[in-house]
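# Residue-level structure breakdown
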Amino acid sequence: MSERFNGVVVAGAGPVGLIAALKIARAGIPVLVLDSEPGIIQLPRAVVYHAPTVEMLDRLGLLDEMKVAGILKQDYQFRTVHGEILAAPHMSVLTPEDTAYPFNLHMPQHELANAILRNFLAIPGAEVRWNTRVTGVAQNSDGVTVTMESDGGTQAIHCDWLIGADGGSSTVRRAAGQSFDGYTHPERLISTNLVYDFEARGFARANFIIDPKYWAVIVKIDRHGLWRITFGEDSSLPEDQVRDRIAEHYRAILPDDGPYELQAFAPFRVHERSAVRFRTGRILLAGDAAHVCNPYGGLGLTSGLLDADVLGDALPAVIKGAAGDDLLDRYAEERQRVFREVTGPTAAENIRRLKETDPEKKRADGERLRRLRDDPGFQREALTFTYKLVGRPIGVPQQ
Ligand SMILES: Cc1cc2nc3c(=O)[nH]c(=O)nc-3n(C[C@H](O)[C@H](O)[C@H](O)COP(=O)(O)OP(=O)(O)OC[C@H]3O[C@@H](n4cnc5c(N)ncnc54)[C@H](O)[C@@H]3O)c2cc1C
């Protein structure tokens, strides 16, 4: 069966696809979202959203709702696994000239996605088709034909534009013929959610543990005492014994034997990769479909949401004839530049610093931490760095 859809199809109901869908639908353009899963994915993934994304969520009228479910955080610590605090930058040093949003938002990724979904579905005509997997894509000069599989069998839909926001293994990216350049880290990351009171033990709400073996991040997830520890391990270790190794890591990382409750865990392979082009004709990539990085520093989804923010303005402008479609080339080029020059290299440095063993590099990293501790100017620079992920304006006309 084949149907015609006069609007934009978004592959992927992750946070990135949903922000793009929300903005495009609010601009009055029909949007249909397709997702292979039965609902929002519940895996223990992102928790931290940096100031520019908080600002964007506020602009979209979503922040108040998210503040109820999440927490606003200003404090960081860099620590050894033995409990020494090496630096403790705090976003309260930021001035109104730096940002009107001197905090990060912490909340589970699935709750963030659910909040965006609720707002999208509140728009008349907005639709998400769950259990619908995109399997193929073809395009000509007037549109894109998306092939999909659902309980009803194989179907095709012909739409005007397609956004591939279908995650790191993106079918849309492959079907558009884009390779995914970069590399995969040798380690496996284990993301764990636990109940344990780190704050009562002097931890900040975001902590980087620097250690060649027990490197990790420890982050507060919500106001109900849930925390995240993500650590790395040799990927040749058997995956079915991850639970035992979590206990071993916790013995090293937790400051005492106080009881903890492990609520969820999941292993991940992580990559530093980006698509060769974020635009192929009428197909546009955003979020993990366009670029992936390791989670240390919380830059992956932050970057992806900012892609969706720009695309959510640019595509309606082109569809309404307020801009030529070269605006979409500028979207593709600028968002790729941001990833390749800023997000990717910073994320790679973040994970390196946690586990570095080379004495020369450790000395340089130590000097950086000393500046982060003692030099207020450097602290402000580091804490506002994430505004570089916003990128340069691409010339979207005011409408
Ligand atoms: C352990 C961990 C911690 C992280 N922490 C952070 C953090 O704190 N901050 C941060 O910014 N980032 C973090 N990240 C990265 C973040 O999780 C990703 O960047 C984010 O998931 C990307 O969102 P997305 O919407 O692009 O893709 P996804 O969330 O992967 O969504 C893609 C959607 O597409 C659907 N889909 C897939 N294939 C198809 C298909 N063929 N047809 C239809 N639908 C399809 C999927 O079901 C899914 O719903 C973390 C990642 C990990 C692994």
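Residue numbers restart at each chain and count upward from 1, following the sequence in its written direction. Restriction of local features to residues with pLDDT of at least 70 applies here, the model being predicted, together with a cutoff of 80 or more for giving and counting side-chain atom pairs; totals for whole chains, interfaces and linings are based on all residues.

Next up on the list: the overall build of the protein. Scanning the protein for helices and strands turns up 10 helices and 19 strands. Across the 399 residues in the protein, those meeting the buried criterion constitute 45%. The long-range fraction of contacts in the protein, counting pairs at least 24 apart against all pairs at least 6 apart in sequence, stands at 74%. A helix here means a DSSP run of H or I that spans at least four residues, while a strand means a run of E at least two residues long, and both kinds are numbered starting from the N terminus. To sort residues by burial, count the other C-beta atoms lying within 10 Å of each one's C-beta; a count of 20 or more means buried, 12 or fewer means exposed, and anything in between means partly exposed. C-beta atoms are built from the backbone. Think of it this way: build a C-beta for each residue from its backbone, and any pair within 7 Å is a contact.

Turning next to the site of the ligand. To decide whether a residue is near a molecule or strand, its C-beta atom is placed from the backbone and checked for lying within 6 Å of it. If you check the shell around the ligand, you find 36 residues, and the closest are Gly-12, Gly-14, Gly-167, Gly-287 and Gly-300. If you list the elements that add at least two residues to the shell around the ligand, you get α1 (15–26), β9 (133–140), β12 (180–195) and α7 (300–319). If you tally residues by element for the shell around the ligand, the top one is α7, at 4 residues. Of the residues contributing to the shell around the ligand, the split by class is 16 nonpolar, 14 polar and 6 charged. All residues other than Ala, Val, Leu, Ile, Met, Phe, Trp, Tyr, Cys, Pro, Asp, Glu, Lys and Arg, Gly among them, are scored as polar; the first ten of these are nonpolar and the last four charged.

A word on the pairing of strand β13 (residues 206–210). Counting buried positions along β13 yields 5 of 5 residues, so the element is predominantly enclosed. Side chains Ala-206, Phe-208 and Ile-210 project from β13 onto one buried face, and the interleaved Asn-207 and Ile-209 project onto a second face that is buried too. By this definition, two strands are paired if DSSP reports at least two bridges between them. The pairing of strand β5 (residues 77–80) with β13 spans 4 bridges and is classified as parallel. Paired with Arg-79 across the two strands is Ile-209, which belongs to β13. Hairpin connection of β13 to strand β14 (residues 216–220): 5 residues between the antiparallel strands.

Let us now look at the sheet that holds strand β3 (residues 48–49). Strand-to-strand pairing in sheets goes through backbone hydrogen bonds, with the strands running parallel or antiparallel. A sheet is described by the order of its strands in space; here 3 strands give the open sequence β3-β7-β4, paired in antiparallel fashion. The open sheet has two edge strands, β3 and β4 (71–73), and neither has a second partner. Both β3 and strand β7 (residues 104–106) contribute to a ladder of 2 bridges, which runs antiparallel. Looking across to β7, one finds that Val-48 is bridged to His-106.

Quick look at the nonpolar core now. The nonpolar core criterion groups buried Ala, Val, Leu, Ile, Met, Phe, Trp, Tyr and Cys residues into a set whenever they are joined through C-beta atoms within 7 Å. Residues Ala-20, Leu-162, Ile-163 and Ala-286 are the most contacted members of the largest nonpolar core, which totals 109 residues. The contacts of Leu-162, once residues within four sequence positions are left out, are Val-9, Ala-11, Val-137, Val-144, Val-146, Val-172, Arg-282 and Ile-283.

The convention used is that axes are lines fitted to C-alpha atoms, helices contributing only their stretch in contact, and that angles between N-to-C directions extend from 0 to 180 degrees. Contact pair α1 / helix α4 (residues 109–121): the axes reach a minimum separation of 9 Å and the direction vectors enclose 20°. Judged on the interaxial angle alone, α4 and α1 are roughly parallel. Of the two elements, α1 crosses α4, and the hand of that crossing is left-handed. Of the residues in α4, those in contact with Pro-15, Leu-18, Ile-19, Ala-21, Leu-22 and Ala-25 of α1 are Gln-109, Leu-112, Ala-113, Ile-116, Leu-117, Asn-119 and Phe-120. Residues that form the contact of α1 with α4 fall into these classes: 11 nonpolar, 2 polar and no charged. Working definition: roughly parallel below 35 degrees, roughly antiparallel above 145 degrees, roughly perpendicular at 65 to 115 degrees, and oblique for all remaining angles. The hand of a helix crossing depends on one turn: near helix anticlockwise from the far one by less than a right angle means left-handed, and clockwise means right-handed.

A separate point is the environment of Gly-153. On the secondary structure map, Gly-153 appears in strand β11 (residues 153–164). Distance in space between the C-alpha atoms of Gly-153 and Glu-84 is 58 Å, their sequence separation being 69 residues.

Looking now at the packing of helix α2 (residues 51–59) against α7. Closest axis-to-axis distance for the α2/α7 pair is 9 Å, and the angle between their directions is 40°. Between α2 and α7, the crossing angle belongs to the class labelled oblique. Note on packing geometry: the crossing formed by α2 with α7 is left-handed. Across from Pro-52, Thr-53 and Met-56 in α2, the residues of α7 making contact are Thr-302, Leu-305, Leu-306 and Asp-309. Here the residues of the contact of α2 with α7 sort into 4 nonpolar, 2 polar and 1 charged.

Pairing within the open sheet is mixed, and its 8 strands lie in the order β6-β5-β13-β14-β15-β12-β16-β19. Looking at the sheet topology across the chains shown, the edges are occupied by β6 (85–87) and β19 (291–292). The pairing of β14 with strand β15 (residues 226–234) spans 5 bridges and is classified as antiparallel. Its bridge partner lying in β15, Lys-220 is registered against Trp-227. Across the face of the sheet, helix α8 (residues 326–355) comes into contact with β13, β15, β16 (261–275) and β19 while running at roughly 130° to β16.

Another aspect to go through is the pairing of β14. The buried count for β14 comes to 5 of 5 residues, which makes it a mostly enclosed element. The alternating pattern of β14 places Ala-216, Ile-218 and Lys-220 and Val-217 and Val-219 on opposite faces, both of which are buried. Between β14 and β15, which follow one another and run antiparallel, lie 5 residues, and Gly-225 among them has a positive phi close to 90°.

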